[in-house]
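These are the residues of each chain, in order.
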Amino acid sequence: MNHRHNRSGLTRRQLIKGIGAASLLPLVGSAPFAIGGQSAGRVVVVGGGFGGATAAKYLKRANPAIEVLLIEPNETFYTCPFSNLHLGGLREMDAIAHGYDELKDRYGVRVIHAMVEDVDADAHKVTLSTGRKLDYDRLVLSPGIDMRWNALEGYDEEAAEKAPHAWKAGTQTELLRSQLEAMDDGGTFVMVAPENPFRCPPGPYERASLVANYLAQHKPKSKVLILDAKDNFSKQGLFTAGWERLYGDRIEWVGLSSDGRVTRVDADRLEVETEFGTVHRADVLNVIPPQKAGWIAERAGVTDDSGWVPVKAETFESRQVADIYVVGDATVAAPMPKSGFCANGQAKVVAAAIAASLESRPAPEAYWTNTCYSLVGPEYGISVAGVYRVQDGVIAEVEGAGGLSPADASDATRALEAEYAVGWYNAICQDTWGTSPGSRAT
Amino acid sequence: MRPDRPTHHDAARRRLLRGLVAAVAAIGLATPAMAEGPWQRLDAARSVLGDAEPVTQGLVLDLPHVSEDGASVSLTVGFDGELADDDYISRIDLFATANPSPEIATFHLTPLSGKPEISTRVRLNETQQVIAIATSHQGERFATAREVRITVSGCLMRNGADQPEPLSNPRVSVPARFSPGQPEAVRTLINHPMETGLREGPDGEIVPRHIIERFTVSLNGETAFEADLHQSVSASPYLLFYLSPEQDSEAVFEWQDDTGSTARHEAAIETS
Amino acid sequence: MKRVFPIASLTLASLLLTITPLAAQAEETFSDAQLEVMAGGCASCHGTDGRLAGSVPTIAGRPADVLASRLLDFKHKEVDEVTVMDRIAKGFTDAELRALARHFAAIDLNNDNEPEE
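Sequence order sets the numbering: in each chain, residues are counted from 1 along the sequence as written. All chains are assigned letters beginning with A, and all ligands numbers beginning with 1, in the order in which they are written. Only residues with pLDDT of at least 70 get local features here, since the model is predicted, and only at 80 or more are side-chain atom pairs given and counted; chain-wide, interface and lining totals rely on the full set of residues. Each side-chain value is derived from all of the structure's non-hydrogen atoms; neither hydrogens nor water enter the calculation.

Peer 1: Could you give an account of the confidence of the model for chain A, naming the residues involved and the relevant values?
Peer 2: Residues and elements named next belong to chain A. Per-residue pLDDT for chain A has a mean of 92; in total, 90% of the residues score no lower than 70. Confidence scores here are pLDDT values: one per residue, from the predictor, ranging 0 to 100. By definition in these notes, contact holds between two residues if any of their heavy atoms fall within 4.5 Å. Residue range residues 1-36 is modelled with pLDDT below 50. Its contacts to residues more than four positions away, or to other chains, number 53 contacts. Every residue in residues 438-442 is under pLDDT 50, and counting partners more than four places away or in other chains gives 11 contacts.

Structure representation (structure tokens):
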């Protein structure tokens, strides 16, 4: 057998042996350091997406002796990034699917497929949907977002089965795709885009782009209408120029100041009404509603009245509850956007901070970068980047760094960025779950 | 050996400090009426207050803690405090303490307004305190402030969209029917660049100031609601306010900008 | 662990690096834990430890002087066909870029995680 050494010097065999011993002990009420003195503390991670899975892996990289439990309801995780390609008919669902074998087998993360139903921060316990209770020394919440149902009149969970949001990937993505496939040529795809802050600022506009691309090829008489609760959106100049270049007038965008804000949805009739009473009828209706932190965050007491989670800039520990760290879309981390890239990066800072905290030493200084890639077309990529540090106790963009793809870039550059977008997706998925669909042509 | 929980102790310490401050205030070392607030440090606000010490209860300013786009921050100001029976809020002033020019807007309300609550969208240059001051018909004064942190999310870098024609597309959403004594919300929107006069255009020249200065709503010729707007109101001004007509009315909505140009919208209102 | 770090290229690297005025100061060093965090964003495009091969180049195990000069070029010069690395490199000090270069150079491609396709 090939004994492979990981960074800390422990062999894989030693790792598995350690976990095997741990699983023999009852988890309820067990003292975290009872396993023959080998455990350096127990961390429970809630959520197995870009934030949670990365946190679990990087905690193990920092110190394999930390017991890491990852609680994620799904056995297969479908990524929101690149789900727009499925909507555009360019990728199958399995190309955005990721599993947890690598985290379990290579890193020794204990993965439990259940929901977390309650957090008792004082007792340092979480309660699972199975009824089981788990102790923790530190808790990482990466619960993503939940929709604010009925923030738009008439848009509740039931309505989302007729007018999907597809703002969590999986069955919603497949539902919206099947609706697009069934739409008659000449129909209108109406998208309702939310006000800030929301998950993935450029996401709706990439979606509009790739739907337009699909329609141009398969249903050329059809149109895309975006009704926006904002006057400005991410990479707006680049998107607008790209739409004109690739799709002519197929995409119409109506901003807030042109009465673009939708206040009421009728999912049965596929109609939406704006704040000044204009009614729009859709053939396929995609409502991206206002959002908030995943609901377990509120249960844990880490949300504020905005519905999002304020965190300490240096470590992403909750500002409200000790020993709970929160990463990803759920957090108030502006100017960092709500993106998978940022969740992955925040998780690494948290892993380092927790590993340091468990050893009573100071956490390293935080660094983050983000690059949001968007595909305006299969060979037309654009990006916006940012580098972030903590300045005066808050997260700030490093001046002089970051920025948009050039407005006047050549076709070759757009094609190169589209290639790098795929490379980014493969790399970040490998970094997060250890699985990668490999280089696939879009 | 469970590691320290520093946050817990810090929080306890903060609570203790706050308790001490409150105790000191209660003893009378600080007079309750002498309410500390950023309005005392802003000349424009002090001139509205005059000699009066404002009451800090009752006026509520709703703003996000953090806004990712300082060009358009949603704001709602409302009053739900105590007033004498025949008194009503007649004026609300808004200030942005760290903007180049702190006055945002002044709203003039009448008994025909019905409910002293206004929503709009404002420009905030940077992280700062926003101040609201309400004045009642009988001269009571109320003040409140909220801090807003402005970040420009890297993902939100703007390239300016096409500017529509100033004073074009006035939109008014007003209920066709009112119940007497029951104020209802009215929403208005109109295109306008609300050019501050501080911005450099693509040619390097300062783009001249061009803003809507006044918005008036009249019912059967009588002024019901008025707004004086300044450059800190976001482009394409949005105003939500309340009306409470007593009889069937012809409502006239008029916007006037600093060139003297106007736009007008009329609506018939029934009361039953 | 096999380190390829010829003295000759070290001298060349020093010559290249003395072009920037910051090289006159004492070089800041960073702990391993600090470097892990500093390098956190790199994995998103280059894979864990910079090992991934694909449209985005592998950076693990490449000579430190090559990586350093590339990063510094991204930061200070116009590089052909650059798309995003200039925007990112500008967010780090020269010392940080050099430390990152050493960090990735020291990763042994032959050991542990196999580069994945």
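Peer 1: Account for the interface of chain C and chain A, with residues named and values stated.
Peer 2: The extent of an interface is frequently quoted as the accessible surface area lost upon association of the parts. Facing the 35 residues of chain C at the interface are 49 residues of chain A. We define buried area as the total accessible area lost by two parts upon association, computed with a 1.4 Å probe and summed across both. Across the chain C to chain A interface the summed buried area is about 3300 Å²; carbon plus sulfur atoms make up 52%. By definition, a salt bridge exists where a carboxyl oxygen of Asp or Glu is found within 4 Å of a side-chain nitrogen of Lys or Arg. Where chain C packs against chain A, one counts 4 salt bridges. Among the ionic pairs, E417 of chain A bridges to R87 of chain C, the shortest N-O distance being 3.8 Å. As used in this structure description, the phrase polar contact means that two N or O atoms lie within 3.5 Å; if the pair is within protein, one of them must be able to donate a hydrogen and the other to accept it, and residues adjacent in sequence are counted only when both atoms belong to side chains. Here chain C is connected to chain A by 13 residue pairs in polar contact (both at pLDDT 80 or more). Counting residues per element, the ones that place at least two in the side of chain C that touches chain A are α2 (32-38), α3 (43-46), α5 (85-89) and α6 (94-105) of chain C. The leading source of residues in the side of chain C that touches chain A is α2 of chain C, at 5 residues. Polarity classes work like this: nonpolar for Ala, Val, Leu, Ile, Met, Phe, Trp, Tyr, Cys and Pro, charged for Asp, Glu, Lys and Arg, and polar for all others, with Gly in that last group. For the side of chain C that touches chain A, a count of residues per class yields 12 nonpolar, 13 polar and 10 charged. Each helix is a run of DSSP H or I of at least 4 residues and each strand a run of E of at least 2, with the numbering of both proceeding from the N terminus.

Peer 1: Could you give me a rundown of the interface of chain A and chain B, with the residues and numbers involved?
Peer 2: Each side of the interface is counted separately: chain A has 45 residues, and chain B has 32 residues. Taken over both partners, the interface formed by chain A and chain B buries close to 3200 Å², and the fraction arising from carbon and sulfur atoms is 55%. Area buried by chain A at its contact with chain B is led by N232, S257 and F276 of chain A, which between them contribute 19% of it. For the interface between chain A and chain B, the tally reads 1 salt bridge. R187 of chain B serves as the salt-bridge partner of E275 of chain A, at 3.6 Å between the closest nitrogen and oxygen. Across the contact surface, chain A and chain B share 4 residue pairs in polar contact (both at pLDDT 80 or more). Taken together, the elements giving at least two residues each to the side of chain A that touches chain B come down to α7 (236-247), α9 (340-358), β22 (368-377), β23 (380-391), β24 (394-397) and β25 (403-404) of chain A.

Peer 1: How would you explain the environment of R171 of chain B if you had to name every residue and give the values?
Peer 2: Its place among the elements puts R171 of chain B in strand β9 (residues 171-173). Along the primary structure R171 of chain B and F241 of chain B are separated by 70 residues, whereas in three dimensions their C-alpha atoms are 14 Å apart. If we ignore the near neighbours within four places in the chain, the residues touching R171 of chain B are S257, S258, D259 and F276 of chain A together with R187, T188 and L189 of chain B.

Peer 1: Help me get a handle on the sheet that holds strand β2 (residues 67-71) of chain A, residues and values and all.
Peer 2: Residues and elements named next belong to chain A. Should DSSP find at least two bridges between two strands, the strands are regarded as paired. With parallel pairing, the 5 strands of this open sheet are ordered in space as β5-β2-β1-β9-β20. Of all strands in the sheet, those with a lone pairing partner are β5 (110-112) and β20 (324-326), marking the two edges. Direction aside, the axes of adjacent strands within the sheet are offset by 20 degrees on average. Note that strand β1 (residues 42-46) and strand β9 (residues 138-141) share 4 bridges and pair parallel. Within β9, the residue paired with V43 across the bridge is R138. Sheet contacts for helix α2 (residues 50-62): β1, β2 and β9; angle to β2, the most-contacted strand, approximately 170 degrees. Along the sheet, α9 makes contact with β1, β9 and β20, crossing β9 at roughly 175 degrees. Note on definitions: angles span 0 to 180 degrees between N-to-C directions of axes, and those axes are lines fitted to C-alpha atoms, for helices only across the stretch in contact.

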